[in-house]
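A closer look at the structure
Residues per chain, in single letters:
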Amino acid sequence: MQKIFLVNCRKPMVDVFKASGHEVYSLSTSEREVDVHCELAKIGFVPDIILQQESLGSRVFLRGLSSVDCIKLFWSVDTHMNMYWHGLYGSMFDGVLTTQKKYVPLLEKVCTAKICWVPWMGGRLGPETGTQEGVIPYSKREHDMTFVGRVSPQRPSRQWFVDFLKSGYDLNMVDGLSVSQMMTLYKQTRIVPNEALFGEVNFRLFEGASCACAVVTPYVGEELGELFEDGKEIAVYKDVLELKDILDRFIRDSKLAASMGLAAYERVLRDHMPANRMATILDFAKGLSAQTIDCAENDFLYYQVQAALGETGQASLLWEDIIGGLRRGPDGIIKDTALLRIFVKGHMDKEFMDVVRSYLNSGDGADDVRFNMSASIGSSRVGNWDLAKHFWYRYQNSVRPNEFENPADEVNLLMLWGRELSRAGINIMPGVAFNEDNDFPACAAHCYFVALRLDSKNIEIYKRLDSLFAGVMGAEYMRLGFLSHLTLHHPEDWRMSADLGLVNLKIFRYDEGVAELKVSKEVAIKGGCERFWIKKIGGFGRLLEIVNY
């Protein structure tokens with residue numbers, strides 16, 4: 001048995017560690033910073049493992065980790081929303097757990113810790129889920145269909161999702177429930193339609209399955225099939241047409257829906273309980289050894305995290321503290337990139353120039369896209385166009401010396417850096433609300449958004465943005481705007497019109513999607529391309545039948 005220090009772990013996880021005979025100290029806190037070394041000294045606890053679970057309300061940061069000699073784990077719950085800082089914060093630990101399998105290779109690129117996939121979990125009906133024990137018979141449940149979630153202007157696709165469900169079904173739409181209230185409501189619900197933010201495996205999937213509901217969930221990748229069996233335990237859809245077919249089938253055949261709900265509940269009890277997750281975590285911890293990271297390195301990582309959060313508009317951060325913390329870190333590109341970005345955001349022109357001048361006659365970091373982009377676009381923002389071009393040429397000569405592109409203006413410069421960031425795989429930043437007027441670009445999409453703000457009629461920018469977001473789960477509502485603009489300027493391009501129709505269907509705009517696809521078919525026929533249109537649309541279930549009706 002081991003001594004385990006748990007930070008902000010949910011009660012079912014705390015309970016299962018204790019029930020397994022481990023000596024557990026559990027800390028639940030909303031304090032922004034917790035000095036682990038002091039906290040452990042205060043309670044006289046010497047752990048073998050520290051496990052911090054990401055808290056989804058107030059962010060909590062552990063300090064003093066380098067002073068504690070044990071295995072340290074961080075459980076990234078909302079990796080899909082917080083990837084931009086979890087890699088840095090996770091590097092302060094020996095191991096990082098992520099609920100999203102597709103993010104394991106992404107975290108491995110930006111985090112020094114070992115990475116492990118540990119999905120979210122369900123629970124047994126009863127005290128474990130904050131409900132009364134036992135499954136309510138399907139026929140005796142009060143609600144045909146329930147969706148628990150917040151609808152806001154920032155989530156237009158969710159609004160369309162809810163609008164679609166309300167238009168054709170008896171939807172019970174609620175928000176603001178406690179976990180216990182929500183699970184009690186699900187127990188009284190037959191069908192739980194699910195919607196994902198950015199192609200993630202989310203809580204709602206496990207919550208609905210834990211109440212023996214028939215869960216209808218979007219396809220978010222192959223990992224979904226490793227958790228539940230499609231067609232037996234859950235139903236999976238890829239667009240609004242498939243969602244409608246599944247819901248209609250469940251309404252007609254309640255026995256099918258009931259059997260699927262029970263099968264999902266049985267799968268939860270077998271594979272997705274807190275005990276299953278504890279076993280995975282402890283097995284992962286066995287293969288880890290403590291990183292040799294000293295106090296100075298730990299602090300430098302901490303201030304990099306704070307700088308990343310500060311860029312996204314985090315309130316209550318003191319820039320003076322962050323700048324001071326970064327300056328105490330080791331000299332080099334990492335520190336200077338973070339400082340440059342802060343100085344631009346804070347309109348600290350003198351401090352910005354002091355940093356960039358040290359690189360004018362130096363080749364350090366000449367091939368680093370993020371540093372040179374920050375120096376180049378930052379120079380443009382402080383009004384030094386020659387310096388902005390200098391850092392572009394510096395980078396270009398390093399990575400592609402046989403090419404020469406001369407930035408014509410600020411829009412062109414932004415588009416060049418957007419292309420280079422995309423080539424480096426720095427495309428988008430899910431979870432970050434970017435303001436084109438005030439924020440500093442951190443990825444390709446940001447560069448293009450700022451360029452579009454300066455030149456709203458530039459069709460090439462729309463094309464690049466559409467290409468950038470194509471295939472990104474959860475970003476379809478962004479493509480709707482880009483493609484709508486492009487089809488207005490290219491009415492003869494049936495492919496664009498077809499893509500617009502398919503995107504509409506992805507974001508639950510049934511009538512608009514079908515109408516746009518009919519338009520694209522007519523354009524394709526006029527251009528003698530009907531067989532190509534059929535080939536493009538043919539892979540989307542009953543779509544050909546519906547459009548041809």
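Structure first, text after, so check above.
Keep in mind it's a predicted model, so treat the numbers as computed, not measured.

The subject of this paragraph is the sheet that holds strand S13 (residues 235-237). Taken together, the 5 strands give an open sheet; going across it, the order is S10-S9-S11-S12-S13, and neighbouring strands pair in parallel fashion. Only two strands of the sheet have a single neighbouring strand rather than two, namely strand S10 (171-174) and S13. The sheet shows a mean angle of 25° between the axes of neighbouring strands, taken without regard to direction. The pairing of strand S12 (residues 214-218) with S13 spans 3 bridges and is classified as parallel. In the sheet register, valine 216 faces S13, and the bridge partner there is alanine 235.

Glancing now at the pairing of strand S8 (residues 114-117). Two strands pair when backbone bridges link them, and strand S7 (residues 95-98) and S8 are joined in this way by 4 bridges, in the parallel orientation. Paired with glycine 95 across the two strands is lysine 114, which belongs to S8. Following the backbone out of S7, through helix H4 (residues 104-110) and into the adjacent parallel S8, one traces a crossover that is right-handed.

As a further point, take helix H19 (residues 444-454). In terms of residue burial, H19 counts as a mostly covered element, since 9 of its 11 residues are buried. Buried within H19 we find Ala444, Ala445, His446, Cys447, Tyr448, Phe449, Val450, Ala451 and Leu452. If you follow the buried residues of H19, they end up packed against helix H16 (369-381), helix H18 (410-423), helix H20 (459-469) and helix H21 (476-489).

Within the structure shown, the criterion is met by 25 aromatic pairs. Measuring from ring centre to ring centre gives 5.5 Å for phenylalanine 61 and tyrosine 89, while their planes differ by 85°; the resulting arrangement is edge-to-face. Residue phenylalanine 61 is located in strand S5 (residues 61-63), and its partner tyrosine 89 is located in helix H3 (residues 79-90); the two are separated by 28 residues in the primary sequence. Of the two residues, phenylalanine 61 and tyrosine 89, both sit in the buried class. Arranged with centres 6.2 Å apart and planes meeting at 35°, the rings of phenylalanine 449 and phenylalanine 469 form a pair that is tilted.

Next up on the list: H18. Spacing of three or four residues puts side chains on the same side of an α-helix, whose turn is 3.6 residues. In this model H18 runs 20 Å from its N-terminal to its C-terminal C-alpha over 14 residues, within 8% of the 20 Å that 1.5 Å per residue would give. Judged by how many residues are buried, H18 sits mostly within the fold: 10 of 14 residues are covered. Of all the residues in H18, the buried ones are Val411, Leu413, Leu414, Met415, Leu416, Trp417, Gly418, Arg419, Glu420 and Leu421. Looking at the buried residues of H18, the elements they touch are H16, helix H17 (385-399), H19 and H20. Taking the backbone nitrogen of valine 411 as reference, a side-chain oxygen 3.3 Å away marks aspartate 409 as the first, capping residue of H18. Just beyond H18, the residue with positive phi is glycine 425, at close to 85°.

Counted by the stated rule, this structure contains 2 cavities of 30 Å³ or more. Taken as a whole, the largest cavity spans an internal volume of roughly 50 Å³. Residue lining of the largest cavity: Gln52, Glu54, Ser55, Arg59, Val60, Phe74, Trp85 and Tyr89, and that is the complete set. Of the residues assigned to the lining of the largest cavity, the class counts are 4 nonpolar, 2 polar and 2 charged. Size it by volume and the second largest cavity reaches roughly 40 Å³. Lining of the second largest cavity is provided by Asn194, Ala196, Glu200, Val201, Asn202, Leu205, Thr217, Pro218, Val220 and Leu224. Residues of the lining of the second largest cavity, tallied by class, amount to 6 nonpolar, 3 polar and 1 charged.

Look at alanine 212: it is not a glycine, yet its phi comes out positive at around 60°. With respect to the helices, strands and loops of the structure, alanine 212 is situated in the loop between helix H7 (203-210) and S12. Judged by its relative accessible area of 2%, alanine 212 is buried. The residue phenylalanine 508 is not glycine, and still its phi comes out positive at about 70°. With respect to the secondary-structure elements, phenylalanine 508 resides in the loop between helix H22 (494-506) and helix H23 (510-526). The class of phenylalanine 508 is buried, set by a relative accessible area of 8%.

Here the focus is the sheet that holds strand S1 (residues 3-7). The strand order S2-S1-S4-S6-S7-S8 describes an open sheet built from 6 strands, whose pairing is parallel. At either margin of the open sheet sits one strand with a lone partner, and together these are strand S2 (23-27) and S8. Averaged over neighbouring strand pairs, the angle between their axes works out to 20° when direction is ignored. Pairing geometry for strand S6 (residues 71-76) and S7, over 4 bridges, is parallel. Note that in S7 the partner of serine 76 across the bridge is threonine 98. In the packing of H3 onto the sheet, the strands contacted are strand S4 (49-53), S6 and S7, and the crossing angle to S6 comes to about 160°. Strands in contact with helix H11 (residues 274-286) are S1, S4, S6, S7 and S8; relative to S6, the strand with the most contacts, it is inclined by about 135°.

All right, on to the packing of helix H14 (residues 333-345) against helix H15 (residues 349-357) then. Two numbers describe how H14 lies on H15: the axes approach to 8 Å, and their chain directions differ by 150°. Compared by their axis directions, H14 and H15 come out roughly antiparallel. Relative to H15, H14 is oriented so that their crossing is left-handed. Where H14 abuts H15, its residues Asp336, Leu340, Phe343 and Val344 lie against Glu351, Phe352, Val355 and Val356.

A few words now on the side chain of arginine 267. Position of arginine 267 among the secondary structure elements: in helix H10 (residues 254-271). Judged by relative accessible area, which is 12%, arginine 267 ranks as buried. A distance of 3.3 Å separates a polar atom in the side chain of arginine 267 from the backbone oxygen of leucine 227. Here the side chain of arginine 267 touches glutamate 233 through a polar contact of 2.9 Å, side chain to side chain. Each residue touching arginine 267, except ones within four places of it in the same chain, is listed here: Glu226, Leu227, Phe228, Glu229, Glu233 and His272.

What counts, and where the lines are drawn
Just so you know, the residues in each chain are numbered from 1, in the order the chain's sequence is written. Local features in this predicted model are restricted to residues of pLDDT 70 or higher, and side-chain atom pairs are both shown and tallied only at a pLDDT of 80 or more, whereas totals for entire chains, interfaces and linings draw on every residue. Each side-chain value is worked out from all heavy atoms of the structure, with water and hydrogens disregarded. Paired strands are those between which DSSP finds at least two bridges. Under the DSSP-based scheme used, a helix requires at least four consecutive residues in state H or I and a strand at least two consecutive residues in state E, with every element numbered from the N terminus. Whenever a helix is involved, its axis is fitted only over the stretch in contact; in every case the axis is a line through C-alpha atoms, and angles between N-to-C directions fall within 0 to 180 degrees. Seen with its strands pointing away from the viewer, a crossover is right-handed if its path from the first strand over the helix to the second goes clockwise. Under the scheme applied here, a residue whose accessible area is under 20% of the maximum for its type counts as buried, over 50% as exposed, and between as partly exposed, the area being computed with a 1.4 Å probe on protein chains only. In this analysis, two residues are considered to be in contact whenever any of their non-hydrogen atoms come within 4.5 Å of each other. Only the six-membered ring of Trp is used, alongside the rings of Phe and Tyr, when aromatic pairs are assigned; centres must lie within 6.5 Å, and planes under 30 degrees apart are stacked while those over 60 apart are edge-to-face, with the rest tilted. Between the first and last residue of a helix there are one fewer steps than residues, each counted as 1.5 Å, and that sum is the expected span. For this analysis, a polar contact is any N or O atom pair within 3.5 Å, provided that within protein one partner can donate a hydrogen and the other can accept it, and provided that sequence-adjacent residues contribute only side-chain to side-chain pairs. In this analysis the probe radius is 1.4 Å and the grid spacing 1 Å, with only protein atoms considered; a cavity is a set of points the probe fits into but cannot get out of, a pocket is an open set with protein on both sides within 12 Å along at least five of seven lines, and lining residues have an atom within 4 Å of a point. Grid points are joined across faces, edges and corners, and a volume is the space filled by probe spheres set on the points. Basically, the charged four are Asp, Glu, Lys and Arg, the nonpolar ten are Ala, Val, Leu, Ile, Met, Phe, Trp, Tyr, Cys and Pro, and anything else, Gly included, counts as polar. Here is the rule for angles: anything less than 35 degrees is roughly parallel, anything more than 145 is roughly antiparallel, 65 through 115 is roughly perpendicular, and the remaining ranges are oblique. Two helices crossing with the near one rotated counterclockwise from the far one by less than a right angle form a left-handed crossing, whereas a clockwise rotation gives a right-handed crossing.

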